[in-house]
Structures are given as C-alpha cells and as structure tokens.
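Here is how the chains run, residue by residue.
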Amino acid sequence: MSEDRLIELETRMAYQEATLQQLNDIVTAQQRRLDQLERALRELASRVARRDEGLPKATAADDIAPDG
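Please read these numbers as outputs of a predicted model, since none were measured by experiment.

Caption draft 1: View of the overall build of the chain. A tally of regular secondary structure across the chain gives one helix and zero strands. In terms of overall dimensions, the chain is more spread out than a globule: its C-alpha atoms have a radius of gyration of 28 Å, far above the 11 Å expected for 68 residues. A buried classification covers 0% of the 68 residues belonging to the chain. Carbon together with sulfur atoms contributes 56% to the accessible area of the chain, which is approximately 6,700 Å² in total.

Caption draft 2: Quick look at a nonpolar patch on the surface. A cluster of nonpolar side chains, namely Met-1, Leu-6 and Leu-9, defines an oily patch on the protein surface of about 320 Å² accessible area. Structurally, the position occupied by Met-1 is in the segment before helix H1 (3–53). With a relative accessible area of 78%, Met-1 lands in the exposed category.

Basis of the calculations
Residues numbered from 1 in each chain as written. Predicted model: local features only at pLDDT ≥ 70, side-chain atom pairs only at ≥ 80, totals over all residues. Heavy atoms only, no water. Helix = DSSP H or I, 4+ residues; strand = E, 2+ residues; numbered from the N terminus. Rg over C-alpha atoms; globule rule 2.2 N^0.38 Å. Buried < 20%, exposed > 50% of the residue type's maximum accessible area, 1.4 Å probe, protein only. Areas by Shrake-Rupley, 256 points an atom, 1.4 Å probe, with all protein chains shown as cover. Patch = residues over 30% accessible without salt bridge, like charges linked within 9 Å, V, L, I, M, F, W, Y side chains within 5 Å. Salt bridge = Lys/Arg side-chain N within 4 Å of Asp/Glu carboxyl O.

Take a look at the structure:
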C-alpha cells in the first residue's frame, strides 16, 4: 500500500470519527431534551388531573347541542 493511500485512509477515518462524535453529541442533546419534555408532559398531565378532580362529572346530557 502506498504512503499516499495510507494517508488518504487515515484522513477519511479522522473525518468519520469527527462525524460520529458530532452525531453522538446531537443524539445526547436530543435525549436530554426528550427527557425534559417528558417531565413537562407528566407535570402538565398531573396539573390537569388535579384541576379536573374538583369539576363535576360530565353526563350524556352535556353533549347535547342546544336548539338554536
């Protein structure tokens, strides 16, 4: 194998390693954001559930549209 070919392969490998690191950083950041969003969604669902606890239960009559 020629020295030029070896240098070319080493260069490609270095770029691939850099790309893999960038992709890993992106995936890690996305996972952190997903975790934040899941926590926020659980908190919101909890707030809605607490708010709904004090409301009267809906009945079938509540779904009937008024005449008009």
